[in-house]
Amino acid sequence: MTAPEQVQLENIADCDYEIFALLKQRYSPRTFKEEKIKKQHLNQLFEAARWAASSNNLQPWRFLYAEQNTDAYEKIVSCLSEENKKWASKAPLLMLSIFKQTNPDGKENFHALHDLGLSLGNMTMQAQYMGIALHHMAGVDWKKAQELFHISNDYHVTTAIAVGYYGGELDKLSEELQIEEMKERKRMQQSEFAFMNKWPD
Ligand SMILES: Cc1cc2nc3c(=O)[nH]c(=O)nc-3n(C[C@H](O)[C@H](O)[C@H](O)COP(=O)(O)O)c2cc1C
């Protein structure tokens, strides 16, 4: 077994109940295969996002993406937090996730962020099916991204996303990040977030 395969295996969720394999296998790597995302795969990612549910079918999600070795890619890198720059600046593709803040009547679309999340859930699972990882990042200077790409105030940059095929080399990461990459994946218990009949005291 190769080292990347070993990492992938160890990152499979230790589930209490059986779930869909793609959900179990997904994780957020900091190292990716040095391979461009195929155009067909990229279109499939956006197609998966396209068919997400949304409040009133308003489809408030927007994505701005750039491939490595382009000016636009470097612009996105410049918006990342220093911690994220350490690994995400080597991803084959970077993306910004954005939502449209208003309804057609100009009032706030309170559910827009929710719907962006749903579309990214779709995209993340479609990606997993194709051996692609999406590592979502809140550590992005969204105001700077908004300015650099001339995105109007009707839209809100939410996250940056590092996109690449699974199977990156562990030793391309610093020792500190290698430890992070190998850490046990943990979750709250179901009883801490799913409540039957009444809200807990
Ligand atoms: C909205 C969002 C923001 C995140 N921001 C960051 C980030 O800035 N940097 C980072 O390394 N990981 C980030 N993550 C990844 C989470 O840390 C990761 O999903 C969580 O620790 C669970 O690990 P797993 O995805 O491997 O299961 C983010 C994830 C989400 C969904």
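About the cut-offs
- Each chain carries its own residue numbering, running from 1 in the direction its sequence is written.
- Under the rules for a predicted model, residues below a pLDDT of 70 receive no local features and side-chain atom pairs below 80 are neither given nor counted, while totals for whole chains, interfaces and linings still include all residues.
- With hydrogens and water set aside, each side-chain value is computed from the structure's full complement of heavy atoms.
- UniProt positions are given in the numbering used here, feature names are shortened, and annotations may be inferred rather than shown by experiment.
- Whenever Lys or Arg places a side-chain nitrogen within 4 Å of a carboxyl oxygen from Asp or Glu, that contact is recorded as a salt bridge.
- Throughout this description, buried means an accessible area under 20% of the type-specific maximum (1.4 Å probe, protein chains only), exposed means over 50%, and partly exposed covers the range between.
- By convention in these notes, a residue is near a molecule or strand provided one of its non-hydrogen atoms lies within 4 Å of it.
- Here a polar contact is taken to be a pair of N or O atoms separated by no more than 3.5 Å, where protein atoms must pair a possible hydrogen donor with a possible acceptor and residues adjacent in sequence count only if both atoms sit in side chains.
- Method for areas: the Shrake-Rupley scheme with a 1.4 Å probe, in which residue coverage is limited to the protein chains shown.
- Where helices and strands are cited, they refer to DSSP runs of H or I of at least four residues and of E of at least two residues respectively, numbered from the N terminus.
- As a working rule, the residues Ala, Val, Leu, Ile, Met, Phe, Trp, Tyr, Cys and Pro are called nonpolar, Asp, Glu, Lys and Arg charged, and the rest polar, with Gly in that last group.

Per an unreviewed UniProt entry, the protein chain goes by Nitroreductase and derives from Cellulophaga tyrosinoxydans. One UniProt comment on the protein chain, placed under Sequence similarities (unreviewed entry), says "Belongs to the nitroreductase family."

Caption draft 1: Local environment of the pattern of salt bridges. Tallied over the entire structure, the rule returns twelve salt bridges. Glutamate 18 is the salt-bridge partner of lysine 24, the closest N and O atoms lying 3.0 Å from each other. You can call glutamate 18 exposed: its relative accessible area is 64%. When the shortest N-O distance is used, the salt bridge between aspartate 201 and lysine 198 registers 3.8 Å. A relative accessible area of 96% places aspartate 201 in the exposed class. When its relative accessible area of 53% is taken as the criterion, lysine 198 is described as exposed. Several salt bridges converge on common partners, so that one network encompasses Glu83, Lys86 and Glu176.

Caption draft 2: Representation of the site of the ligand within the structure. By nearness alone, 13 residues border the ligand, and Ser28, Asn84, Ala138, Arg185 and Arg187 come closest of all. Here an oxygen atom of the ligand and a side-chain polar atom of arginine 26 are 2.9 Å apart. In isolation the ligand exposes 620 Å². Once the protein is present, 58% of that is buried. Among the elements of the structure, helix 5 (82-88) and strand 3 (132-137) are those that each provide at least two residues to the shell around the ligand. If you tally residues by element for the shell around the ligand, the top one is strand 3, at three residues. For the shell around the ligand, a count of residues per class yields four nonpolar, six polar and three charged.

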